[in-house]
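A structural walkthrough
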Amino acid sequence: LVGLPLNMEKVAEVEAILTAELEKSIDVIENLPLIHEYNEYLQNKAMNTKNASLKKKVVTIDEFSHITFNPGSPVQKSELLYEGLGLPILDYTKTKQPATGNKTIVKLEAYAMENGLDPAIIQLLKALKDHTDVSKILNTFISAFKQFAFHRGDNTVWLNGDQILCGTISGRLGSRSPNLANLPSNSRFGKLIKSCFQAPDGWVFVGADFSALEDRIVAILSDDPMKKKPFTEGVDGHCLNAYGYFKDQMQQIDESNLNDIKKLYPELRQDSKAPTFALNYGGTYVTLMNNCGFPKDKAIAIEEGHKKLYHVLHSWSADNKTKMVKDGYITCAFGLKVRTPILAKSMVGDKSPLLESEFRGANNAVTQGCGLLTTRAGTEHKQILDVSNQRRNILHTNIIHDALYFLVRKDVKTIKWLNKNLISCMQWQEHPAIKSDEIKLEAELDIGLGWDKMYTLPNNASDSEIEELLNKL
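Below, the structure is looked at part by part. What you are looking at is a predicted structure, and each value in this text was computed from that prediction instead of being measured.

1. Considering empty space enclosed by the protein
In total, this model carries one cavity of 30 Å³ or more according to the counting rule given. Estimated volume of the largest cavity: approximately 30 Å³. Around the largest cavity sit R172, L173, G371, T375, I399 and H401, which together line it. Of the residues assigned to the lining of the largest cavity, the class counts are two nonpolar, three polar and one charged.

Given below as structure tokens:
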């Protein structure tokens with residue numbers, strides 16, 4: 001892997017945009033009357049503490065005007081939100097303190113809106129959420145881009161992270177210094193961060209992402225007919241989930257026209273996404289209450305809907321748990337064994353947070369471990385590339401979860417060669433555990449001058465189709 005091509009001018013531009021966003025959130029916070037009141041409280045508190053330590057001299061509040069609310073302070077946020085504004089404590093930290101992270105802020109915002117609280121409180125919560133989001137991007141990513149940028153001496157700059165073999169419980173690659181697998185691809189700042197990665201002149205940035213890899217693997221391994229539907233019958237997966245949870249709200253829908261949910265009930269389809277992700281990875285109704293802010297009765301109803309819809313999948317997961325208890329491990333992709341020592345000392349049916357945590361981690365590794373297919377495909381492709389006449393025209397840059405990334409010369413023949421050979425490597429399905437006549441692994445190339453704006457190239461694209469795509473860039 002040669003690393004990701006970094007445009008430092010763009011990094012500076014993105015940093016300026018994010019800094020302006022950060023200042024905007026600070027301005028909103030600082031101009032709220034309830035913050036002015038909290039600042040007075042902080043200053044009075046500091047003055048009284050100081051005066052209590054003095055024998056004669058008495059200080060005035062003017063000497064403490066510099067003390068103001070710091071939105072980055074968990075202690076002050078906790079005091080303001082729970083003691084000052086009287087909001088309910090919905091979560092606790094590992095040290096049993098009231099939580100103030102963004103997941104909690106989102107739930108507090110939902111609570112404030114549902115209960116018709118002062119709009120200023122809702123405005124504060126939104127601004128605190130923005131402040132945390134932007135601060136994290138600036139401190140985690142932009143600072144890492146500047147710290148780890150490698151100037152090669154030919155007017156190109158590269159970001160090189162350490163890839164850790166078996167760096168995760170599932171066997172997928174890990175990453176550090178910096179963590180290239182943790183780029184915020186799906187956040188509202190995802191495209192902005194991706195715009196920092198630009199191909200050098202004469203090259204294009206190419207990504208190849210497996211299509212719904214984990215969903216396909218789960219469908220194959222569990223043999224759940226409902227999990228297979230999106231791949232064998234063309235049913236939209238989100239529509240299927242929405243019907244399983246909210247069908248009593250869909251008078252115009254039955255099992256014959258599930259895909260119409262996308263048009264007729266788009267809000268319910270959207271509402272199905274977050275809970276499905278949580279439940280697919282071993283979450284419960286409690287997870288839905290915590291992560292999605294759902295009231296208890298709604299969360300329980302959705303969990304029951306998921307169990308009914310995917311009862312074969314849940315039975316398969318239960319069988320996996322029995323194996324973990326009996327054997328003390330579970331076998332994942334390519335023979336990787338994930339040990340389950342706590343479950344091995346328990347009995348089937350026992351429940352505790354530690355047992356459930358170990359089970360979820362190991363059970364998720366069964367499907368997430370097939371992310372090793374990405375490493376396998378990249379390795380096979382590199383072996384083919386190294387003995388081809390294209391070896392100097394295609395550079396492997398990075399591997400992230402289910403996707404491979406490349407720099408490729410802006411040349412029709414080179415791109416056509418990559419499209420043929422790489423996709424063939426990614427469609428490999430010869431391991432006995434994942435062979436299937438019904439469900440095939442799929443992938444497509446995405447091509448752009450940078451990571452932020454890419455166009456999909458169909459499999460087996462002709463020279464003219466490739467030429468047409470390159471002309472869009």
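2. Some remarks on the sheet that holds strand β9 (residues 394-400)
Ordered in space as β9-β10-β6-β11-β12, the five strands form an open sheet in which the pairing is antiparallel. Bordering the open sheet on either side are β9 and β12 (455-457), each of which pairs with just one other strand. In this sheet, adjacent strand axes meet at a mean angle of 30 degrees when their direction is disregarded. Strand direction decides the pairing type here: strand β11 (residues 443-448) and β12, joined by three bridges, are antiparallel. The residue bridging I447 from the neighbouring strand is Y455, located in β12. Those strands touched by helix α20 (residues 463-472) are β6 (203-210), β11 and β12, and its axis lies near 170 degrees from that of β12.

3. What about helix α19 (residues 412-426)?
Relative to the 21 Å expected for 15 residues at 1.5 Å per residue, α19 spans 21 Å between its end C-alpha atoms, a close match to the ideal helical length. Counting buried positions along α19 gives eleven out of 15 residues, so the element sits mostly inside the fold. Between the side-chain oxygen at the start of α19 and the backbone nitrogen of K413 there is a gap of 3.3 Å, and the oxygen is on D411.

4. Topic: the side chain of Q368
Residue placement: Q368 occurs in helix α17 (residues 353-368). Apart from the residues lying within four places of it in its own chain, the contact partners of Q368 are S170, R172, E214 and Y281.

5. Side note on unusual backbone geometry
Cis geometry marks the peptide bond from S177 to P178; its omega dihedral reads -5 degrees. Mapping P178 onto the fold places it in the loop between β5 (174-176) and α6 (190-194). Although it is not a glycine, K96 sits at a positive phi angle of roughly 70 degrees. Along the chain, K96 turns up in the loop between α3 (74-84) and α4 (102-114). Assessed through its relative accessible area of 66%, K96 is described here as exposed. Its identity as a non-glycine residue notwithstanding, F334 has a phi of 55 degrees, on the positive side. Here F334 is to be found in the loop between β7 (329-331) and β8 (337-339). A relative accessible area of 39% means that F334 is categorised as partly exposed.

6. Some details on the pattern of salt bridges
In total, this model carries 24 salt bridges according to the counting rule given. Between E21 and K24 there is a salt bridge whose closest N-O contact spans 3.5 Å. Within this pair, E21 and its partner K24 are both found in helix α1 (residues 8-30), separated by three residues, close to a single helical turn. The closest approach of N and O atoms between K307 and E303, which form a salt bridge, is 3.5 Å. Pair noted here: K307 and E303 are both in helix α14 (residues 296-309), with a separation of four residues, about one helical turn. The network of salt bridges with common partners includes E109, K126 and K129.

7. A closer look at the packing of aromatic side chains
The geometry of an aromatic ring pair is captured by the separation of the ring centres together with the interplanar angle, meaning the angle of the planes. Per the stated rule, a full pass over the model turns up nine aromatic pairs. Members of the aromatic cluster, each reached through a chain of ring pairs, are F145, F197, F205, Y405 and W451. In this arrangement the basic side chain of K227 is found over the ring face of Y310, its NZ or CZ atom lying 4.5 Å from the centre. The ring of F359 carries the charged tip of K321 above its face, separated from the ring centre by 5.1 Å.

8. A closer look at the pairing of β6
For β6, a buried count of seven out of eight residues is recorded, marking the element as mostly surrounded by other parts of the structure. Relative to β11, β6 runs antiparallel, the two being bridged by six bridges. Of the residues in β11, the one forming a bridge with F210 is A443.

9. Re the environment of K416
Its place among the elements puts K416 in helix α19. The class of K416 is partly exposed, set by a relative accessible area of 38%. As for K416 and L159, which are separated by 257 residues in sequence, their C-alpha atoms are 27 Å apart.

Analysis parameters
By convention here, each chain's residues receive numbers from 1 onward along its written sequence. In keeping with the model being predicted, local features are shown solely for residues with a pLDDT of at least 70 and side-chain atom pairs are shown and tallied solely at 80 or more, while totals for entire chains, interfaces and linings include all residues. Computation of side-chain values: all heavy atoms of the structure, hydrogens and water removed. The rule is simple: put a 1 Å grid over the protein atoms alone, call a set of points where a 1.4 Å probe fits but cannot get out a cavity, call an open set with protein on both sides within 12 Å along at least five of seven lines a pocket, and count a residue as lining if it has an atom within 4 Å of a point. Grid points are joined across faces, edges and corners, and a volume is the space filled by probe spheres set on the points. Under the convention adopted here, Pro, Cys and the residues Ala, Val, Leu, Ile, Met, Phe, Trp and Tyr are nonpolar, Asp, Glu, Lys and Arg are charged, and Gly plus all remaining residues are polar. At least two bridges found by DSSP between two strands are what make those strands a pair. Numbered from the N terminus, helices here are DSSP runs of H or I no shorter than four residues, and strands are runs of E no shorter than two. Angular values range over 0 to 180 degrees, each being the angle between N-to-C directions of two axes fitted as lines to C-alpha atoms, with helices fitted over their stretch in contact. Contacts are assigned to residue pairs with any non-hydrogen atoms lying within 4.5 Å of each other. The span expected for a helix works out to 1.5 Å for each residue beyond the first. The buried label applies to any residue whose accessible area, calculated with a 1.4 Å probe on protein chains only, is under 20% of its type's maximum; exposed applies above 50%, and partly exposed to all values in between. Polar contacts here mean pairs of N or O atoms no more than 3.5 Å apart (in protein, one a potential hydrogen donor and the other a potential acceptor; neighbouring residues in sequence count only if both atoms are side-chain atoms). Note on definitions: salt bridges are taken to be side-chain nitrogens of Lys or Arg within 4 Å of carboxyl oxygens of Asp or Glu. Pairing of aromatic rings covers Phe, Tyr and Trp, the last counted by its six-membered ring, and requires centre-to-centre distances within 6.5 Å; plane angles under 30 degrees mean stacked, over 60 mean edge-to-face, and any other angle means tilted. Any Lys NZ or Arg CZ found within 6 Å of a ring centre and within 35 degrees of that ring's normal is scored as a charge over the ring.

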